[in-house]
Amino acid sequence: MFSIIIPTFNNIRYLKKCIESIKKNSKFNHEIIPHINEGTNGTEEYLLKENIKYTKTNYNSGICEGMNMAAKKSTTNYILYAHDDFYFCPGWDEVLLSEVKKINHNNFYLSGIMIGNGPLKFNCGNTLEDFNEKKLLDNYKNINHYDFQGSTWAPHLIHKETWDLVGGFSEEFFPGTGSDPDLNMKLWKKGVRIFKGINEFKVYHFGSIVTRKYKNHPTIRTESGSKGSKIFLLKWGISIKFFKKYFMKSDTKYDGPVEKPKKTISFITGLIVCKIYYLYTKVNYKNLYIKLNRD
């Protein structure tokens, strides 16, 4: 049905729980393809034992390179990007399949909604040690938002042809921050206008476990902070915030495909601010600008 790509970085306990939730709470059979970054804590041995195919780098390749490598092994028509600290709630795949059938073409970007460390604030535990699975399963149907415009986060689903058309994730965003809105911009440039967050496609998110683990580590990078936003600005000439507000209509109620932004006073003012910031960033982060243009 779907090819679920899961980049993982020495996070085997959460990866196991994620995969268990997919197997337990899915109506259909799915292709699960993790990408192992380093894998020094038994991840590869676990996947071999479970007969789950995977890709691997002996270094931390980050989200983008890992996703791109694993996606090349996919054999279904749909690429679903997931974090290794997600727990998939029951019915998620039925909801997605129904939405795909309603759209009836391949030009879409569909995302779920996160419970816990996400828009839906409902605490079932911050770690596996205090995770209350029963509480989540008893209540997830009653924890609701609305279908919304312009999500730029995981979990998300796009057609494999569309993924290949835009070249997947852009690896200059290593280790990952900024790569989701960049993917959306690439899709926008190719004419995709359906960017829909689906309320009933729910996952529980423990909250960037790996990022927390390696925060302030002297050599290991799992988060790129403001660098991702600078790369996006230098690449596209506008900020992520501007893109999400005027192109994606992010976080507003979903009412159909997004349209080309209207050139209102607010839009023009925001665009001028983006251009000023672009020039400032180009001058003050010259090495980053040169590297992006060289690559």
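Check the entry above for the structure.
These numbers come from a predicted model, not from an experiment.

Draft legend 1. The arrangement of the side chain of Thr8 in detail. Mapped onto the secondary structure, Thr8 falls in strand E1 (residues 3–9). Apart from the residues within four sequence positions on either side, Thr8 is in contact with Leu15, His35, Ile36, Asn37, Thr43 and Asp84.

Draft legend 2. Spatial organisation of a nonpolar patch on the surface. On the surface, Ile268, Ile272 and Ile276 cluster together into a nonpolar patch covering about 280 Å² of accessible area. Residue position: Ile276 is located in helix H11 (residues 265–284). A residue is classified by how much of its surface remains accessible, and Ile276, at 56% relative accessible area, is exposed.

Draft legend 3. Seen up close, the packing of aromatic side chains. The tally for this structure, following the rule as stated, stands at 23 aromatic pairs. Here the aromatic rings of Phe131 and Phe206 are separated by 5.0 Å at their centres, their planes lie at 75°, and the arrangement is edge-to-face. Pair noted here: Phe131 is in the loop between strand E6 (108–116) and helix H5 (133–139) and Phe206 is in the loop between strand E9 (194–205) and helix H8 (209–213), with a separation of 75 residues, a long-range link. Its relative accessible area of 14% is what places Phe131 among the buried residues. Owing to a relative accessible area of 3%, Phe206 belongs among the buried residues under this scheme. Judged by centre distance (5.6 Å) and plane angle (35°), the ring pair of Phe243 and Phe247 falls under tilted. Placement of both Phe243 and Phe247 in helix H10 (residues 240–248) is noted, with a separation of 4 residues, approximately one turn of the helix. For the pair Phe243 and Phe247, one class covers both residues: buried. Members of the aromatic cluster, joined through ring pairs, are Phe2, Tyr78, Phe86, Phe88, Trp92, Phe108 and Phe201.

Draft legend 4. Up close: the layout of surface pockets. There is about 170 Å³ of room inside the second largest pocket. Forming the boundary of the second largest pocket are Gln149, Tyr246, Lys249, Asp255, Gly256, Pro257, Val258, Glu259, Lys260, Pro261 and Lys262. Residue classes in the lining of the second largest pocket are distributed as 4 nonpolar, 2 polar and 5 charged.

Draft legend 5. Layout of helix H3 (residues 62–71). H3 sits mainly inside the fold: 7 of its 10 residues count as buried. Within H3, burial applies to Gly62, Cys64, Gly66, Met67, Asn68, Ala70 and Ala71. Its buried side turned inward, H3 meets E1, strand E2 (31–37), strand E3 (55–57), strand E4 (78–81), helix H6 (160–166) and helix H7 (179–189).

How each quantity is defined
Residues numbered from 1 in each chain as written. Predicted model: local features only at pLDDT ≥ 70, side-chain atom pairs only at ≥ 80, totals over all residues. Heavy atoms only, no water. Helix = DSSP H or I, 4+ residues; strand = E, 2+ residues; numbered from the N terminus. Contact = heavy atoms within 4.5 Å. Patch = residues over 30% accessible without salt bridge, like charges linked within 9 Å, V, L, I, M, F, W, Y side chains within 5 Å. Areas by Shrake-Rupley, 256 points an atom, 1.4 Å probe, with all protein chains shown as cover. Salt bridge = Lys/Arg side-chain N within 4 Å of Asp/Glu carboxyl O. Buried < 20%, exposed > 50% of the residue type's maximum accessible area, 1.4 Å probe, protein only. Phe/Tyr/Trp six-rings, centres within 6.5 Å; stacked < 30°, edge-to-face > 60°. 1 Å grid on protein atoms, 1.4 Å probe; cavity = no way out; pocket = protein on both sides within 12 Å on 5 of 7 lines; lining within 4 Å. Points joined across faces, edges and corners; volume = space filled by probe spheres on them. Nonpolar A, V, L, I, M, F, W, Y, C, P; charged D, E, K, R; others polar.

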